[in-house]
Amino acid sequence: QVHLAESGGGLVQAGASLKLSCVVVVNFSSNRCMGWFRQTPGKEREFVAAMHWSSGTTFYANSGKGRFTISRDNAKNTAYLQINALTPEDTAVYYCAATTIGSYCSRDYSLYDYWGQGTQVTVSS
């Protein structure tokens, strides 16, 4: 079983940066993918970035390239999402997710089996 806990969201002004954290609690295996998604009311969950934990290979949504950076700290079992130059369009609940052991990274949220509770990011203009 995998338990994920996000933090780091908040209310910021346009142009600011945020670093979201996702702590992976219990029974963690590095042979899986960690992803970040975001969702606004009435819309589907949107892929932001993913990283295969053991290899460090990263994947990004085309829309976010250059502003989003996914990283990890193995010692802390923590994944991060750095977001720079925030705009009001980035306002959403941000979720971290994990696949089952041995799964590849995907932009499809339905292929992730474990989810955190989400952290709200609100960007004012």
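See above for the structure.
These numbers were taken from a predicted model, which means no experiment stands behind them. (Residues numbered from 1 in each chain as written. Predicted model: local features only at pLDDT ≥ 70, side-chain atom pairs only at ≥ 80, totals over all residues. Heavy atoms only, no water.)

### Thoughts on the nonpolar core
For clarity, the cut-off: The definition of a nonpolar core used throughout is a set of buried Ala, Val, Leu, Ile, Met, Phe, Trp, Tyr and Cys residues joined through side-chain atoms within 4.5 Å. For every residue, the accessible area (1.4 Å probe, protein chains only) is compared with the maximum for its type, and the residue is labelled buried under 20%, exposed over 50%, or partly exposed between those bounds. Labels follow the DSSP assignment, with helices taken as runs of H or I lasting at least four residues and strands as runs of E lasting at least two, numbered in each case from the N terminus. Note on contacts: a residue pair qualifies if any of its non-hydrogen atoms lie within 4.5 Å across the two residues.
The biggest cluster of nonpolar side chains holds 27 residues, and the ones touching the most others in it are L4, M34, W36, L81 and Y94. If you list the elements that add at least two residues to this core, you get β3 (18-25), β4 (33-39), β5 (46-52), β7 (68-73), β8 (78-83), β9 (92-98) and β11 (119-124). Discounting chain neighbours no more than four positions away, the residues touching Y94 are E6, L20, F37, R38, V48, F68, L81, I83, G118, T119 and V121.

### Quick look at the pairing of β8
Applied cut-off: We treat two strands as partners when DSSP finds at least two bridges between them.
Along β8, five of the six residues are buried, which leaves the element largely enclosed by surrounding structure. Two strands pair when backbone bridges link them, and β3 and β8 are joined in this way by six bridges, in the antiparallel orientation. When the sheet's bridge partners are listed, K19 is paired in β8 with Q82. Where β7 and β8 come together, six bridges link them in antiparallel fashion. Among the inter-strand pairings, S71 is bridged to a residue of β8, identified as Y80. Here β7 folds back onto β8 in antiparallel fashion, the turn holding four residues, of which N77 has a positive phi close to 50°.

### Some words on the sheet that holds β7
Defined as follows: In this analysis, axes come from line fits to C-alpha atoms, helices being fitted only over the stretch in contact, and the angle between any two N-to-C directions falls in the range 0 to 180 degrees.
Strands sit in the order β1-β3-β8-β7 across an open sheet of four strands; the sheet is antiparallel. Looking at the sheet topology across the chains shown, the edges are occupied by β1 (3-7) and β7. When the angles between neighbouring strand axes are averaged without regard to direction, this sheet yields 20°. Bridging between β1 and β3 involves five bridges; their strand directions are antiparallel. By the bridge assignment for β3, A5 is matched with V23.

### Quick word on the packing of aromatic side chains
Using the following cut-off: Think of it this way: a Phe, Tyr or Trp ring, Trp meaning its six-membered ring, pairs with another when their centres are within 6.5 Å, and the plane angle makes it stacked under 30 degrees, edge-to-face over 60, tilted otherwise.
Taken as a whole and judged by the stated rule, the model has five aromatic pairs. Here F37 and F47 contribute two aromatic rings whose centre-to-centre distance is 5.6 Å and whose plane-to-plane angle is 70°, an arrangement assigned as edge-to-face. Highlighted residues: F37 in strand β4 and F47 in strand β5, separated in sequence by ten residues. Given a relative accessible area of 0%, F37 falls into the buried group.

### Remarks on the state of the cysteines
For clarity, the threshold we go by: Cysteine sulfur atoms are paired as a disulfide whenever they come within 2.5 Å of each other.
Under the definition given, this model contains two disulfides. Disulfide partner of C22: C96, at an S-S distance of 2.0 Å. Handedness of the C22-C96 disulfide follows from its S-S torsion of about 60°: it is right-handed. Linking C22 in strand β3 with C96 in strand β9, this pair joins segments that are 74 residues apart in sequence. Residue C22 shares its accessibility class with C96, and that shared class is buried. Here C33 engages in a disulfide with C105; their sulfurs sit 2.0 Å apart. Between C33 and C105, the S-S dihedral sits near 105°, and the bridge is therefore right-handed.

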